[in-house]
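# Summary of structural features
Residue-level listing of the chains:
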Amino acid sequence: MITFENVSKAYPDGTVAVDQLNLECPTGKITALVGPSGCGKTTSLRMINRLIEPTSGTISLHGESTAAMDPALLRRRIGYVIQNAGLFPHRTIIDNIATMPRLLGKTRREARKRATELLDVVGLAANFGDRYPWQLSGGQQQRVGVARALAADPAFMLMDEPFSAVDPVVRTQLQDEFLRLQEHIGKTIIVVTHDIDEALKLGDQVAVLRTGGRLAQTATPHELLTQPVDEFVADFVGRDRGYRSLGFASVDGTLETTDEPTARLGDSADTVASQARGEWLLIIDENNRPIGWVRPHSITGRITSGDLNFSGTTASAHGTLRALLDAALSAPSKRGVVVDRHGALVGTVTAAAAVAAIENSDRLDAEVPSK
Ligand code: ADP
Ligand code: MG
C-alpha cells in the first residue's frame, strides 16, 4: 500500500503543484493517476521516491513514512519507469537492465543472467541484449525501461506516462503486455497518464486530478464512467460514457444464445443451401472456431476463403457487454457471434438480445465510489 495523507507541494516560485492529496494505492493493484497537463501528476509520483520532497503531509509505504527512510534505499524498493524509457545511451541493453542488480551487490555474471531473464519477461529476444538503446524502436526501448525497473524485484512500481511516446498501435500492444505481466508479478503500481482511456484500461482504481493538484475523484473505471462526482470529471471522462462503461461490465452466466447453422470451407453449394438461414451463413474451422460469414446464394462450387466476409467481431461468453453488443452490431447477418474460452462457437445473439443482457445485468447497481 502506498498512502498519501494531506500531501502538498508548493514549488519555490509559489506554484502549488499538489494540494492536500489524500490517496490510498492498494497492494498488488494498479492505480492510474490521470488529469490534464500540469495538474501535478509527475510531482505526486516523484514525491513517492523522494526525487521531490513534499512541502507538507506524509507519504507511507505499508504504513511506514518515507520521510525517515534513506532516499537511496527507498529508491531500490521502487521501480521507476519514465516516458522515452530514459535508458543510458552508452550502455548496452543488458547493462542498462543490470544496473540495479549490480548496485545491489550482485556479481556481473549474476546481474547479466537476471537481465537476460528480464528481457524474456518483457518479450524481447536475448540478442537485443548486446545492442544500444538507439538501435531499438521506441516500443522496444519502453519494454527495456520496464525490465530495468523490475530488475531489483521491487514491491512498488511508479510509471510516468510510460506509453505516451509510442504510436497508437504499439501503445495498445504495450498496454496489453503490461496487464498480462502484472497478472503474474502483482506489484503495487501507480501509473501516471493524461489519457483517460489509458487510465480506464490500466487502472484497477483511477484517481482523477484537476488543475491545481486537487483530487477530483477516486473510483473504479466502471464507477467513474457511471457515477462521475461532478461536471469536471464527467467532462474529463468524456463522450459515450454509457457505451464505454459496458467495456467494464461482464457478460454474466445467464446469457442465452441462439444456435447458429454453420458450414466449413470446402463444403458444396448444396450443403450450404440446405444449412442457410437467411442471407448469411457462418463458416467455422476444424476446431469449431468461427472464421467469417458467406452469402449462400453467391456460392456456386465449393466455399473458399475468398467468399468470406470478415466484418463481424466475436464476443467471448465471459467477456464484456461492450464486446457482446459490438459483435451483434458488426455482424453482416446482424447476429453477433459468441465464442467460448477456446474461441469455439457457442451461438449468436441479436442486438436486441445483447441490449436485454445489458438491461438485465447488475452493472447499474455498482457501489457508490468511495471517495
Ligand atoms: P503533470 O505531470 O500533471 O503535467 P507536473 O507535476 O509536472 O504536472 O507540474 C505541476 C505544476 O507544477 C505545473 O504547473 C508545473 O508548471 C509546475 N512545476 C513543475 N515543476 C516545477 C518546478 N520545478 N518549479 C516550479 N513549478 C513547477
Ligand atoms: Mg507529467
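Just so it is clear, the model here is predicted, and its values are computed rather than measured. (Residues numbered from 1 in each chain as written. Chains lettered and ligands numbered in written order. Predicted model: local features only at pLDDT ≥ 70, side-chain atom pairs only at ≥ 80, totals over all residues. Heavy atoms only, no water.)

## Thoughts on the overall build of the protein
- Per the secondary structure count, the protein includes 13 helices and 16 strands.
- On the principal axes, the C-alpha backbone points of the protein span a range of 80 × 50 × 30 Å.
- Here the protein holds 371 residues, and 46% of them are scored as buried.
- Taking as baseline every contact in the protein between residues at least 6 positions apart, the subset at least 24 positions apart corresponds to 61%. (Helix = DSSP H or I, 4+ residues; strand = E, 2+ residues; numbered from the N terminus. Buried < 20%, exposed > 50% of the residue type's maximum accessible area, 1.4 Å probe, protein only. Contact = heavy atoms within 4.5 Å.)

## Here's the deal with the sheet that holds strand β2 (residues 16-25)
- The strand order across the open sheet formed by 4 strands is β2-β1-β4-β5, and the pairing between neighbours is antiparallel. Both outer strands of the open sheet, β2 and β5 (64-65), are each paired with one neighbouring strand and no more.
- Those strands touched by helix α1 (residues 41-48) are β1 (2-10), β2 and β4 (56-61), and its axis lies near 120 degrees from that of β1. (Pairing = 2+ DSSP bridges. Axes fitted to C-alpha atoms, helices over the stretch in contact; angles between N-to-C directions.)

## Brief notes about the environment of Ser-330
- Tracing the chain through its elements places Ser-330 in helix α12 (residues 321-330).
- As a C-alpha pair, Ser-330 and Ala-351 span 21 residues in sequence and 9.7 Å in three-dimensional space.
- Ignoring any residue separated from it by four or fewer positions in sequence, one finds Ser-330 in contact with Ser-311, Gly-312 and Thr-313.
- Within polar-contact distance, the side chain of Ser-330 engages the backbone nitrogen of Thr-313 at 2.9 Å. (Polar contact = N/O pair within 3.5 Å; in protein donor to acceptor, adjacent residues only side chain to side chain.)

## So, the confidence of the model for the protein
- Taken as a whole, the protein shows an average pLDDT of 92; of its residues, 98% reach a score of 70 or greater.
- Of the regions scoring below 50 in pLDDT, residues 365-371 engages in 16 contacts with residues more than four places distant in sequence or in other chains. (pLDDT = per-residue confidence, 0-100.)

## Comments concerning the sheet that holds strand β12 (residues 281-284)
- The 3 strands are arranged β11-β12-β13 in an open sheet whose pairing can be described as mixed. Edge positions in the open sheet fall to β11 (262-263) and β13 (290-294), since each of these has one partner strand only.
- As paired strands, β12 and β13 are joined by 4 bridges and run antiparallel to one another. Across the sheet, the residue bridging to Leu-281 is Val-294, located in β13.

## Observations concerning the domain arrangement of the protein
- Domain boundaries assigned for the protein yield domain 1 (2-238) and domain 2 (262-360).
- Look at where the C-alpha atoms of domain 1 and domain 2 centre, and you get two points 41 Å apart. (Domains from an automatic or database assignment.)

## Structural notes on the site of ligand 1
- Neighbouring ligand 1 are the residues Tyr-11, Asp-13, Thr-15, Ala-17, Ser-37, Gly-38, Cys-39, Gly-40, Lys-41, Thr-42 and Thr-43.
- Within the backbone of Gly-40, an N or O atom sits 3.1 Å from an oxygen atom of ligand 1.
- Lys-41 is positioned such that a nitrogen or oxygen atom in its side chain is 2.9 Å from an oxygen atom of ligand 1.
- For ligand 1, whose accessible area on its own is 560 Å², the fraction buried by protein is 61%.
- No other element matches the 3 residues that α1 contributes to the shell around ligand 1.
- Considered class by class, the residues forming the shell around ligand 1 number 3 nonpolar, 6 polar and 2 charged. (Near = heavy atom within 4 Å. Areas by Shrake-Rupley, 256 points an atom, 1.4 Å probe, with all protein chains shown as cover. Nonpolar A, V, L, I, M, F, W, Y, C, P; charged D, E, K, R; others polar.)

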